[in-house]
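Spelled out from the first residue to the last, the chains are:
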Amino acid sequence: METLEQIKSRIESALPLTKLDILPNECPAGERSLVVDAGRGLDVARFLRDDAQLKLDYCSNVTGIDWPEAKIKTKVKKKVVVEGVEKEVEETIETLRSGHLEVVYHLYSMELKHGPIVLRLRTENRADKTHLPSFTPVWRGAEFQEREIYDLYGVIFDGHPDLRRILMWDEFVGFPMRRDYVDPDDYEYEPTPHDEVLDKAKKHYSVEVKTEVKPEVKA
Amino acid sequence: MIDEGLKSELQKQGVYVTSLQELYNWGRANSVWPLTFGLACCAIEMMAASMSRFDLARFGAEVFRPSPRQADLMIVAGTVTKKMAPLVVRLYNQMPEPKYVIAMGACAISGGPFKQGYNVLKGIDRYLPVDVAIPGCPPRPEALIHAIMTLQEKIRNQDLTGPNRPRHLNADVEGEYPVPVYGKHDLEPPKNSEVWHPPMIKR
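Residues numbered from 1 in each chain as written. Chains lettered and ligands numbered in written order. Predicted model: local features only at pLDDT ≥ 70, side-chain atom pairs only at ≥ 80, totals over all residues.

Per the secondary structure count, chain B includes six helices and five strands. The linear arrangement of helices and strands in chain B, starting from the amino end, is α-α-α-β-α-β-α-β-α-β-β. Each principal axis of the C-alpha atoms in chain B carries an extent, and together these give about 70 × 45 × 40 Å. For chain B, with 203 residues in total, the buried portion stands at 34%. (Helix = DSSP H or I, 4+ residues; strand = E, 2+ residues; numbered from the N terminus. Buried ≥ 20, exposed ≤ 12 C-beta atoms within 10 Å, placed from the backbone.)

So, in structure tokens, the structure goes:
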């Protein structure tokens, strides 16, 4: 298979005005991914599926990531001249990362037996601009997995044929896999609580136990 | 009530005496028909228990019925998600009396490893009266067989009259259990207060 750089340049020459980035990956596996501009996502997906050299006909996995707003600290080495001697000094730079939701697609080719190519699409923010193009018209297998991401993260896939909740019930409000989701406080009994569970347990032991006393066993 | 000594003396003479209660309970205890109903990996152990190696048929409980109308016993085998819980209660309501519940495995008892999750019910005993709970993740088939034997023991010792009579012989007790509805974040109500109370912890 071609390298990711070659694929990127071929997409850019085939589909002008398309913005692509290669996301580096420092972990040992080193699997890099293509960050695709959401507006041109569907064209890129169709290109990857139909291109004769790639034929990525199989979307094996779709998953979501929640990136809340965060301060990112990066350490930069700087050369500073102190009293005529050049020294290397580490400097930490704080940058503010805006929050967004990310959807990751893993693509393989059954016909040419290669892959994966990893695509990432990002929403503008986490609150109201959470629309992304649906790839279900391109890879039918993405249908349920996109529904799952809608269910748990709240990404709205435009062009999805049947965008409903799939794991949670229809009446459910909220997106439980987001970092700031507050889950229902319903596990009172804990024999050895600690940390945040201890805080929860303390609340229950003072309120619930006093009000509810187990009645005598009757018929 | 017949004296035990007289009973055994009569038995030696070839006269068998029993009470209606014993006969009734003997019949019920030896043909417990479970509902074919599995929720997760515990159900695999339940299937193993009913197959040739462990042979649940030795205890009269091998007739797994695919309809709640014909079943006596509900083995809650596996994780009960909040989405599934109302359906479990509804299935229980559809079973004819007398009926019993075995909570099989850590998840059915307390939520197990998913206890702190947002989507799993923390034990089916919040909605249903559980007769026997089997710990384990999953329990061995022998544990299920032991649970069924424990249940049989319980059925044999049930009084048919008096204050401890079973629910189906007590006209004052509601037959159906309220089915919870799906709420915005949790089931409503989150528990059946008639069945379940948060345990008291003494420190």
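Further notes follow.
With that settled, the discussion passes to the domain arrangement of chain A. According to the domain assignment, chain A consists of domain 1 (4–66 + 100–179) and domain 2 (183–213). Taking the mean C-alpha position of each, domain 1 of chain A and domain 2 of chain A sit 41 Å from one another. (Domains from an automatic or database assignment.)

All names here are of chain B. Pairing within the open sheet is parallel, and its three strands lie in the order β1-β2-β3. Here the strands that pair on one side only, and so sit at the sheet edges, are β1 (73–77) and β3 (132–134). The sheet shows a mean angle of 15° between the axes of neighbouring strands, taken without regard to direction. Here strand β2 (residues 100–104) runs beside β3; their pairing, made up of three bridges, is parallel. The residue bridging A103 from the neighbouring strand is A133, located in β3. Packed onto the sheet, helix α3 (residues 42–50) meets β1 and β2 and runs at close to 130° relative to β1. (Pairing = 2+ DSSP bridges. Axes fitted to C-alpha atoms, helices over the stretch in contact; angles between N-to-C directions. Contact = placed C-beta atoms within 7 Å.)

The subject of this paragraph is the nonpolar core. Membership of the largest hydrophobic core comes to 46 residues, with the highest contact counts inside it found for M74, V76, I102, A103, M104 and I124 of chain B. Contributing elements (two or more residues each) for this core: α3, β1, α4 (85–94), β2, α5 (105–110), β3 and α6 (141–156) of chain B. Residues in contact with M104 of chain B, not counting those within four places in the same chain, are C42, M46, I75, V76, A77, I134, P139 and L144 of chain B. In terms of nonpolar packing, the next biggest core, distinct from the first, is built from 30 residues, L48, L56, C59 and Y105 of chain A among them. (Core = buried A, V, L, I, M, F, W, Y, C linked by C-beta atoms within 7 Å.)

Here we come to the packing of helix α2 (residues 20–29) of chain B against α6 of chain B. All names here are of chain B. Two elements in contact, α2 and α6, have axes whose closest approach is 8 Å; the angle formed by their N-to-C orientations is 160°. As summarised for this structure, α2 and α6 are arranged roughly antiparallel, according to the angle between their axes. Regarding α2 and α6, the two cross each other, and that crossing is right-handed. Taken together, the residues of α6 that come into contact with α2 (itself represented by N25, W26, R28 and A29) are Q152, I155 and R156. Residue classes in the contact of α2 with α6 are distributed as three nonpolar, two polar and two charged. (Parallel < 35°, antiparallel > 145°, perpendicular 65-115°, else oblique. Left-handed = near helix turned anticlockwise from the far one by under 90°. Nonpolar A, V, L, I, M, F, W, Y, C, P; charged D, E, K, R; others polar.)

Attention shifts here to the sheet that holds strand β2 (residues 33–36) of chain A. All names here are of chain A. Strand order in the open sheet made by the five strands is β1-β2-β7-β6-β3, with mixed pairing throughout. Edge positions in the open sheet fall to β1 (20–23) and β3 (58–67), since each of these has one partner strand only. Across the sheet, the axes of successive neighbouring strands diverge by a mean angle of 25°, strand direction being ignored. By the bridge criterion, nine bridges tie β3 to strand β6 (residues 100–109) in an arrangement that is antiparallel. Paired with W67 across the bridge in β6 is H100. In the packing of helix α1 (residues 4–14) onto the sheet, the strands contacted are β1 and β2, and the crossing angle to β1 comes to about 170°.

For the rest of this paragraph, the subject is unusual backbone geometry. G115 of chain A connects to P116 of chain A through a cis peptide bond whose omega is 0°. Turning to its location among the elements, P116 of chain A is positioned in strand β7 (residues 114–122). Note the cis peptide between E188 of chain B and P189 of chain B, where omega equals -5°. By the secondary structure assignment, P189 of chain B is in the segment after β5 (187–188).

Let's shift gears to the confidence of the model for chain B. Predicted coordinates in regions of low pLDDT should not be interpreted in detail. Here chain B averages 89 in pLDDT, and 97% of its residues register 70 or above. In the predicted assembly, ipTM is 0.77 and pTM is 0.82. (pLDDT = per-residue confidence, 0-100.)

This paragraph deals with the packing of α3 of chain B against α6 of chain B. Residue and element names in this part refer to chain B. At a closest axis distance of 8 Å, the pairing of α3 and α6 adopts a crossing angle of 75°. Accordingly, the angle class assigned to the pair α3 and α6 is roughly perpendicular. Of the residues in α6, those touching α3 at E45, M46, A48 and A49 are P141, L144 and I145. Here the contact of α3 with α6 is composed, by residue class, of six nonpolar, no polar and one charged.

Another point: the pairing of β2 of chain A. Residue and element names in this part refer to chain A. Burial along β2 is one-sided: L34 and V36 are buried, while S33 and V35, pointing the other way, are not. Pairing of β1 with β2 involves four bridges; the strand directions are antiparallel. Looking at the pairing, L20 lines up with V36 of β2. Here β2 pairs with β7 via three bridges, running parallel.

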